[in-house]
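Geometric and topological summary
Below are the chains, spelled out letter by letter.
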Amino acid sequence: MKPVIGLSILTATLLMAACTTVPTSPSVAVMPGNGKSFEQFNQDDAVCRQFAYNQNAGAADAANNKAVESGVVGTLIGAAAGAALGGNHQGAAVGAGTGLLLGSAAGANASQYGSYSAQRRYDISYEQCMYTKGNSVPMAARMQRPAQPAYAPPPPNMPPPNMPPPPPAS
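Residues numbered from 1 in each chain as written. Predicted model: local features only at pLDDT ≥ 70, side-chain atom pairs only at ≥ 80, totals over all residues. Heavy atoms only, no water.

**What about the overall build of the protein?**
Let me state the cut-off plainly: A run of DSSP states H or I qualifies as a helix once it reaches four residues; a run of E qualifies as a strand once it reaches two. Both are numbered from the N-terminal end. When accessible area is computed with a 1.4 Å probe and restricted to protein chains, residues below 20% of their type maximum are described as buried, those above 50% as exposed, and intermediate ones as partly exposed. Any pair of residues with heavy atoms lying within 4.5 Å of one another is described as a contacting pair. Areas reported here follow the Shrake-Rupley algorithm with a probe of radius 1.4 Å; residue values treat only the protein chains shown as occluding.
Looking only at helices and strands, the protein features 4 helices and 0 strands. Each helix and strand of the protein, placed in order from N terminus to C terminus, yields the pattern α-α-α-α. Per-residue burial for the protein yields a buried fraction of 28% across its 170 residues. Residue pairs in contact within the protein that sit at least 24 positions apart in sequence constitute 84% of those at least 6 positions apart. For the protein, the accessible surface area stands at approximately 12200 Å², while carbon and sulfur atoms represent 63% of it.

In structure tokens:
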């Protein structure tokens, strides 16, 4: 029983460390728009941070619920498999511990992805707000190839190349 308790403590720690939090600041650079004072820019920044936070407040809860759900499902499947394969309560306990560990690892991975996704959504909301308020939002430039010159077809009734000119008319 002691390994199961140790495994449970490790898993609980893993789940708490994997919790997704709502971003509170952007990870993108935005510059004041032309003619805007620094005070106006700071006001826009505060309003847009609150806007982005409100737009994405439920995302962290959803990601955390998914992480806990993965741990619970892993535990149940592990316990069922352990009981079926082990044939007794000890097999079920080992299976539950293993399922809890693997399910929690999967949940931690899902939560990490949720953190990245939440930050990305926060940044997009923030950039949209700041752009709407007239601030300068740097965009990623796309590499464009220079246009290939277009060759026009020869005019009709043109003689083939390298043909001698016609004789002079007399």
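Once you've had a look at it, read on.
**What about the nonpolar core?**
A general tendency of soluble globular proteins is for nonpolar side chains to be buried together. Worth spelling out the cut-off: The set of buried Ala, Val, Leu, Ile, Met, Phe, Trp, Tyr and Cys residues whose side-chain atoms join them within 4.5 Å is what this entry labels a nonpolar core.
Ranked by size, the top nonpolar core spans 9 residues in total: Val30, Phe41, Cys48, Ala52, Tyr122, Tyr126, Cys129, Met130 and Val137. At the level of elements, α2 (38-55) and α4 (89-132) are the ones that each hand at least two residues to this core. Broken down by element, the residue count for this core peaks at 4 residues, all from α4.

**Structural notes on the pattern of salt bridges**
As a reminder of what qualifies: By salt bridge we mean one thing: a side-chain nitrogen of Lys or Arg within 4 Å of a carboxyl oxygen of Asp or Glu.
On inspection of all chains with the given rule, the structure shows 2 salt bridges. For Lys36, the salt bridge identified is with Asp44, shortest N-O distance 2.4 Å. On the basis of relative accessible area, Lys36 is assigned to the partly exposed category, the value being 24%. Note on Asp44: relative accessible area 11%, which makes it buried. For Arg49, the salt bridge identified is with Asp45, shortest N-O distance 2.9 Å. Highlighted residues: Arg49 and Asp45, both in helix α2, separated by 4 residues, approximately one helical turn. Since its relative accessible area comes to 13%, Asp45 is described here as buried.

**Here's the deal with the environment of Asp123**
So the rule is basically this: Polar contact criterion, stated in full: a pair of N or O atoms within 3.5 Å, where within protein one must be able to donate a hydrogen and the other to accept it, and residues adjacent in sequence count only if both atoms are side-chain atoms.
Among the secondary structure elements, Asp123 is positioned in helix α4. Residues Asp123 and Val28 lie 95 residues apart in sequence; the distance between their C-alpha atoms is 6.6 Å. Excluding residues within four positions of it along the chain, Asp123 makes contact with Pro26, Ser27 and Val28. A distance of 2.4 Å separates the side chain of Asp123 from the side chain of Ser27, its partner in a polar contact.

**Comments concerning α2**
Here is the rule we go by: One fewer than the residue count of a helix, multiplied by 1.5 Å, yields its expected span. In this description, one arc is meant: the one made by directions from the helix axis to the C-beta atoms.
Taking 1.5 Å of rise per residue, 18 residues should cover 26 Å, and α2 covers 25 Å from first to last C-alpha, within 8% of that figure. Taken as a whole, α2 has its buried residues at Phe41, Asp44, Asp45, Cys48 and Ala52. Looking straight down α2, one finds its buried side chains confined to an arc of 105 degrees; they lie on one side. Structural note: α2 exposes Glu39 and Gln43 on the side pointing more than 90 degrees away from its buried face.

**Observations concerning the side chain of Asp44**
Residue position: Asp44 is located in helix α2. Reaching out from Asp44, the side chain makes a polar contact with the side chain of Asn135 at a distance of 3.1 Å. Setting aside anything within four residues of it in sequence, one finds Asp44 in contact with Lys36, Met130, Lys133 and Asn135.

Everything listed here is a matter of coordinates, which is why it stays silent on function.
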